[in-house]
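Structural overview
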Amino acid sequence: MSTLNITARFGLRLRQLREKQGWTQVVMAEKVGIDRSYISDMERGKKNVCLPTLEVLAQAFGVTMSQFLKGL
């Protein structure tokens, strides 16, 4: 298991998925209706993610919540 905590590992996954889509944080914020600064905080592992937010993010990336969290 990684030495990073779960919020940091989630943040890395979020950034990877966002960059794979070619989205900036601003573009992603507009697409999912989440403030850009909150996205930044999630990507840096500074914010915990609640289930409704996780669902919105997974839908935006076209994956299930299970796929989004797999391996974290």
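The paragraphs below set out a description of the structure included in this document.

Calculation criteria
- Residues numbered from 1 in each chain as written.
- Predicted model: local features only at pLDDT ≥ 70, side-chain atom pairs only at ≥ 80, totals over all residues.
- Heavy atoms only, no water.
- Buried < 20%, exposed > 50% of the residue type's maximum accessible area, 1.4 Å probe, protein only.
- Helix = DSSP H or I, 4+ residues; strand = E, 2+ residues; numbered from the N terminus.
- Contact = heavy atoms within 4.5 Å.
- Phe/Tyr/Trp six-rings, centres within 6.5 Å; stacked < 30°, edge-to-face > 60°.
- Core = buried A, V, L, I, M, F, W, Y, C linked by side-chain atoms within 4.5 Å.

Along helix 3 (residues 36–43), the residues that are buried comprise Ile39, Ser40, Asp41, Met42 and Glu43. Looking at the buried residues of helix 3, the elements they touch are helix 1 (6–21), helix 2 (25–32) and helix 4 (51–61). One or two positions beyond helix 3, positive phi appears at Gly45, with a value near 75°.

Quick look at the packing of aromatic side chains now. Counting across every chain of the model gives three aromatic pairs. Between Phe10 and Phe68 the ring centres are 5.2 Å apart and the planes differ by 25°, which places this aromatic pair in the stacked class. One end of the pair, Phe10, is in helix 1; the other, Phe68, is in helix 5 (residues 65–69), and 58 residues separate them in sequence. The exposure classification of Phe10 matches that of Phe68, with both residues buried. Where Phe61 meets Phe68, the ring centres are 6.1 Å apart and the plane angle is 50°; that geometry is what we call tilted. Judged by relative accessible area, which is 9%, Phe61 ranks as buried. Linked through ring pairs, Phe10, Trp23, Phe61 and Phe68 together constitute an aromatic cluster.

The next point concerns the environment of Met28. Residue placement: Met28 occurs in helix 2. Through-space distance from the C-alpha of Met28 to that of Cys50 is 18 Å; in sequence the pair is 22 residues apart. If near-sequence neighbours (up to four positions away) are discounted, Met28 is found in contact with Leu14, Arg18, Trp23, Gly33, Ile39, Leu57 and Phe61.

If you look at the biggest cluster of nonpolar residues, it comprises 16 residues, and the most contacted ones within it are Phe10, Leu14, Met28, Ile39, Leu57, Phe61 and Phe68. Elements with a minimum of two residues in this core: helix 1, helix 2, helix 3 and helix 4. The element best represented in this core is helix 4, accounting for four residues. With sequence-adjacent residues up to four places away left out, Ile39 is seen in contact with Leu14, Gln25, Met28, Ala29, Val32 and Ile34.

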